[in-house]
Amino acid sequence: MTRQGWEVVIGLEIHTQLNTASKLFSGSSAQFGSAPNSQASLVDLGFPGVLPVVNIAVFRKAISFGLAIGATINRTSVFDRKNYFYPDLPKGYQITQLDQPIVVGGEVTVTLSDDSTKTIRVTRAHLEEDAGKSLHENYQGQSGIDLNRAGTPLIEIVSEPDMRSTDEAVAYARKIHQLVTFLDVSDGDMSQGSFRCDANVSVRPIGETELGTRTETKNINSFRFLERAIDFEIDRQIEVLENGGRVVQETRLYDPDRDETRTMRSKETSMDYRYFPEPDLLPVVLEQAFIDDIAVSLPELPEARKTRFVTDYQLPEADAQILTGSRALADYFEAVARISGDARLASNWIRVELLGRLNRDEIELTHSPVTAEQLGQLTARIQDGTISGKIAKDIFDALWLKRADDVDHYIEENGLRQMTDSSSIEPIVDQVINDNPAQVEQYRAGKTRVLGFLVGQVMKASGGKANPRQVNELFRSRLG
Amino acid sequence: MSTPVTIEGALRGLAAGEYSSVELTRHFLDVIRERNPVLNAVISTTDDIAIAQAEQADRDRQAGRGGPLAGVPILHKDIFCTEGARTSAGSKMLDNFVSPYSATAVEKLTKAGAIMVGKANMDEFAMGSSNENSFYGVVRNPWQTDRVPGGSSGGSAAAVAAGFCLAATGTDTGGSIRQPASFCGITGIKPTYGRVSRWGMIAYGSSLDQAGPMTRTAADAALMLQTMAGFDHRDSTSLDEPVPLFTEALDQPLAGLRIGLCKEYLQDGLDSGVETQVQNAIRELEGLGASLVEVSLPHTQYAVPAYYVIAPAECSANLSRFDGVRFGHRCDDPVDLEDLYTRSRSEGFGREVRQRIMVGAFALSAGYYDAYYRKAQQIRRLIKNDFISAFKTVDLIAGPVAPSTAFPLGDMTDDPVAMYLQDIFTVPSSLAGLPAMSIPAGFSDNLPVGLQLIGNYLDEGRMLNAAHQFQQRTDWHLRSPDTGEVS
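Because the structure is predicted, anything quoted here is derived from the model rather than measured. (Residues numbered from 1 in each chain as written. Chains lettered and ligands numbered in written order. Predicted model: local features only at pLDDT ≥ 70, side-chain atom pairs only at ≥ 80, totals over all residues. Heavy atoms only, no water.)

### Notes on the overall build of chain B
Under the convention used in this document: Helix and strand definitions here come from DSSP, where helices need a minimum of 4 consecutive H or I residues and strands a minimum of 2 consecutive E residues; each element is numbered from the N-terminal end. Throughout, the radius of gyration refers to the C-alpha atoms, and the reference size of a globule is 2.2 Å times the residue count to the power 0.38. Relative accessibility under 20% of the residue-type maximum defines a buried residue, over 50% an exposed one, and the middle range a partly exposed one, all with a 1.4 Å probe and only protein chains included.
From N to C terminus, chain B includes 15 helices and eleven strands. Computed over C-alpha atoms, the radius of gyration of chain B comes to 21 Å, within 12% of the 23 Å expected from 2.2 N^0.38 for 487 residues, which places it in the range of a compact globule. Principal-axis analysis of the C-alpha atoms places the extent of chain B at approximately 65 × 50 × 45 Å. By the burial criterion, 65% of the 487 residues in chain B qualify as buried.

Set out below in structure tokens:
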């Protein structure tokens, strides 16, 4: 399908769970993955007579984000009730911020795939509580409700409709993800729902100034799905319009299995949320000093860290860019580099081996089977010559598959130590010379390329433990 | 055993060893058992809890470590969550609800040694001015049993007046402590909004709801209030202000006290018998040395309409949690989620509650918010400002509590607007968040008349002192419906 003649307009709403120890309005733990309803207090369950109390730690997180994007911080912010019925919303309303959110305005600059940059404006970021989860499978036709997530603090970051392509939208989402993880505002774990995107998409003929009718595709929980959902929606809308139809304003869901979006509810049946100020909470009035204190203690932001990686570790700019993609990755890199003592080696292993596998298996770095300590140890053993690069790759496989735990122990256990003692390699070299007279002849005749073959034979015979450089030298001296 | 009528009297009797707390508790449980079938002021008694608490109070008293209310039997309005006891809020919706925790006010009273003998009847979810809206049936006024006791704390008021207990907790959103106190001839105080924690008090109108005591005397009210009040970190709207010992400051002469008479409260529509008693009571205060100053609260007429937008709006959200999912009434065999919600809520809530939810949801809905909810909030600010300027020239405001004495059962059930106008004198101070109280001020046609005192923010002490001084000169508060010689 061609998009010729059409302009795409995209705005994103990103829900980011804040990584505070306790929930927004109760003392319950906000940790993910506990037994259903084990982290739901009377407040989270919406029992009769309970009241919310604001966890002030959430304001520190929201303000950090606001300051990092150059936004205005509202010193007075107000919570509102958003009313709707759903079994995983225990009170029958969500406490959120409507007219006076904590963060207003701000912008981020993103780098696109052609290396050009674009600035995207942020409308606002407001605090709100997450709902619980409804589980519809495996309950014999009934639904299960898990309220552990109910009351988990979120900031919803709303962009202006500034994006004009899927590329821009994904770059913006990645940028926000990078920021919230660097700021330690969120763990950013998309597989656990810590970072979810709603995409507002519309199209209009190029030159048209009025916005087209938009649709909102909700709860997209990976960058790849975001890209696909937006692409699908752009193509769908253009097709509808080119066939003389009209786009219906509606809420849609992206189905990754079918790679399509479909109607969730249309505007005709859309809800009136009957917002009003939450009478159980007073407006939160912050001292300027509180905000200033957060401003001076902001963690190192991605740009600064990238620059530092280039200067301190002598990494190429492009590599530093990749390694500062998220705070977790940057932290991982620094841990590996520290343990191995060789930053470039650490960088190579992370970019090539680790990220490659994580991508292939669709695993988040935070769930990587290979820890920074393990990779650090592994690269340290390459660095000090204990193992060859080839053996290291085998050990990496073992670590990935959880067949190995401690690298040094695994090397000893399996006798993988590189042979550095020439007395044990020399007999193998001599044997290879004896077994391959034709190649030896060729080498002596000046076809030095066959040396690679001969070295390979030694490596094979030594089970990869010989040091290739040493083997090279032995051949040269014997055949020279 | 000479039955005490007041907390003060009971504490003297207990201290003198005239009776034990267990004996006193059994006495009140017996009275309730005997007379509640007529009045229906109590939804459930909590005999086991009561006896256990009384035994503990007796032990504590003997060991010399009893709290200020050690051994005093009281009732809690059934809107307060009480651990281990059914907390119904007067609704079918919560007929099966046993609270897993206790309200802060309940905890504080228990800690002070008060004995919970049961849970008092009330208008469903505190919505009503006559106690005719309870799932557990109407409450009758002990002075004339074909009359209403007032609402929504009608069970608490009737119980205290009838000698079921020495005091009861109540809650007041737009007059729900003061109007039933007036109708039943007892003392009831609604403190400054935020004085008493709302934690564990089932919400009706969150920005208005306040708990307070209902007692025979101002001195008892002072003791109860200083026990219940205080900052609570679990309620963000609770006031972080010290609570004075009100009981220590009840002997102040009223000389120099400036009492405001609000002309808007003494106008047409006020029953002449009520007006006469209120005027007499005001003259009594003047006789005690107070000076009378006329004040104006010009926005009074808008208070009831504003209240009946704000309170229903808040209740429409507050009552959403009663959805049949986690606790409370659930309809039989729901076919889907919509059916579960619709039938559980239609069956669980009574007519008045459903009506207020509908009104509130309407007032908040898109396109109407500005005309109703926002406008009502603007009126609320104007009413608050009226009081702020009035309190520049006076220390207290005195006037009627309700336009009439207790009206016959069924008289207004088909006329919600007439019923809502019952609240005309109590709602303004609720909207402003000011403390206010009702004290017995005489009788009209054998029915009690209350005098309302409204105080400045956090000025409950001055109000209680004036009430106490008044009660030193009058005996209206000591009249009982079964024995009372009425004027």
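Continuing now.
### What to know about the sheet that holds strand β8 (residues 291-295) of chain B
All names here are of chain B. Quick note on the threshold: Two strands qualify as a pair provided that DSSP identifies no fewer than 2 bridges between them. Note on geometry: axes are C-alpha line fits, over the in-contact stretch for helices, and angles between N-to-C directions span 0 to 180 degrees. Note on contacts: a residue pair qualifies if any of its non-hydrogen atoms lie within 4.5 Å across the two residues.
One open sheet accounts for eleven strands, arranged β1-β3-β2-β4-β6-β5-β10-β11-β9-β7-β8; its pairing is mixed. Edge positions in the sheet fall to β1 (42-45) and β8, since each has one partner strand and no second. The sheet shows a mean angle of 30 degrees between the axes of neighbouring strands, direction not considered. Here three bridges tie strand β5 (residues 187-190) to strand β10 (residues 436-444), and the two strands are oriented antiparallel to one another. The residue of β10 that forms the bridge with G188 is S438. Against the sheet, helix α2 (residues 21-39) contacts β1, β2 (73-77) and β3 (115-120), and its axis sits at roughly 15 degrees relative to β3.

### Points about the interface of chain A and chain B
Quick note on the threshold: Two parts placed together each lose some accessible area under a 1.4 Å probe, and adding up what both lose gives the buried area. Salt bridges are defined as contacts in which a side-chain nitrogen from Lys or Arg sits within 4 Å of a carboxyl oxygen from Asp or Glu. Residues are sorted three ways: Asp, Glu, Lys and Arg are charged, Ala, Val, Leu, Ile, Met, Phe, Trp, Tyr, Cys and Pro are nonpolar, and all the rest, Gly among them, are polar.
Taken together, the contact between chain A and chain B spans 31 residues of the former and 38 residues of the latter. Of the roughly 2800 Å² buried between chain A and chain B on both sides combined, carbon and sulfur atoms contribute 62%. Taken together, chain A and chain B are joined by one salt bridge. A salt bridge links R198 of chain B to D280 of chain A, with the nearest nitrogen and oxygen atoms 3.0 Å apart. Looking at the side of chain A that touches chain B residue by residue, the class counts come to 22 nonpolar, four polar and five charged.

### Considerations on unusual backbone geometry
The omega torsion across G151 of chain B and S152 of chain B is 5 degrees, close enough to zero to call that bond cis. Within the chain, E362 of chain A stands out as a residue other than glycine whose phi angle is a positive 55 degrees. Its place among the elements puts E362 of chain A in the loop between α8 (343-361) and α9 (372-383). Take E362 of chain A: its relative accessible area is 60%, and that puts it in the exposed class. Positioned with a positive phi, N40 of chain B is a non-glycine residue whose angle comes to about 60 degrees. With respect to the helices, strands and loops of the structure, N40 of chain B is situated in the loop between α2 and β1.

### So, the packing of helix α12 (residues 422-435) of chain A against helix α15 (residues 468-479) of chain A
Residues and elements named next belong to chain A. Just so we agree on the cut-off: Angular relationships are summarised with four words: roughly parallel below 35 degrees, roughly antiparallel beyond 145, roughly perpendicular across 65 to 115, and oblique for the angles in between. A crossing counts as left-handed when the near helix is turned anticlockwise from the far one by less than a right angle, and as right-handed when that turn is clockwise.
Running from N to C, α12 and α15 point in directions that differ by 55 degrees, and their axes come no closer than 10 Å. Comparing their axes, α15 and α12 come out oblique. For the crossing formed where α12 meets α15, the hand is right-handed. Every residue of α15 that contacts α12 at S422, I425, E426, V429, D430, V432 and I433 is listed here: Q470, V471, L474, F475, R478 and L479. Looking at the contact of α12 with α15 residue by residue, the classes come out as eight nonpolar, two polar and three charged.

### Considering a nonpolar patch on the surface
Residues and elements named next belong to chain B. Heads up, the rule is: Patch members must show over 30% relative accessible area and no salt bridge, and they are joined within 9 Å when carrying like charges or within 5 Å when they are nonpolar side chains of Val, Leu, Ile, Met, Phe, Trp or Tyr. Computed with a 1.4 Å probe, the accessible areas rest on the Shrake-Rupley method; for each residue, only the protein chains presented here act as cover.
Together, F362, Y368 and Y372 line one region of the surface with nonpolar side chains, adding up to about 290 Å² of accessible area. Here Y368 is to be found in the loop between α11 (351-364) and α12 (370-390). We classify Y368 as partly exposed; its relative accessible area is 37%.

### Considering the layout of surface pockets
Residue and element names in this part refer to chain A. Threshold: Using only the protein atoms, space was sampled on a 1 Å grid; points where a 1.4 Å probe fits but cannot get out form cavities, open sets with protein on both sides within 12 Å along at least five of seven lines form pockets, and lining residues are those with an atom within 4 Å of a point. Grid points are joined across faces, edges and corners, and a volume is the space filled by probe spheres set on the points. Delimitation of the domains relies on an automatic or database domain assignment.
There is about 1600 Å³ of room inside the second largest pocket. Forming the boundary of the second largest pocket are 43 residues, of which R174, H177, F223, G325 and N359 lie nearest the centre. Of all the secondary-structure elements, those providing two or more residues to the lining of the second largest pocket are β7 (107-111), α2 (166-182), α3 (223-242), α5 (302-313), α6 (317-323), α7 (327-340) and α8. When residues in the lining of the second largest pocket are grouped by element, the largest group, eight residues, is from α2. Of the residues belonging to the lining of the second largest pocket, the class tally is 15 nonpolar, 17 polar and eleven charged. No fewer than three residues from each of domain 1 (6-289) and domain 2 (300-413) sit in the lining of the second largest pocket.

### What to know about the packing of α2 of chain A against α3 of chain A
All names here are of chain A. For the pair α2 and α3, interaxial distance at closest approach is 9 Å and the crossing angle is 150 degrees. Taken as axis vectors, α2 and α3 run roughly antiparallel relative to one another. Regarding α2 and α3, the two cross each other, and that crossing is right-handed. In contact with T166, A169, V170, A173, R174 and H177 of α2, α3 contributes F223, L226, E227, I230, D231 and I234.

### Thoughts on the domain arrangement of chain A
Residue and element names in this part refer to chain A. Considered domain by domain, chain A is made up of domain 1 (6-289), domain 2 (300-413) and domain 3 (422-479). In this structure, domain 1 and domain 2 have C-alpha centres spaced 33 Å apart. At the interface, 14 residues of domain 1 touch 14 residues of domain 2. Across the domain 1/domain 2 interface, buried area totals approximately 1100 Å², and carbon plus sulfur atoms make up 54% of it. Scanning the region where domain 1 abuts domain 2 turns up one salt bridge.

### A few points about the environment of A70 of chain B
As for its placement among the helices and strands, A70 of chain B is situated in the loop between α3 (47-62) and β2. Taking the C-alpha atoms as reference points, A70 of chain B and A112 of chain B, separated by 42 residues in sequence, lie 6.2 Å from one another.

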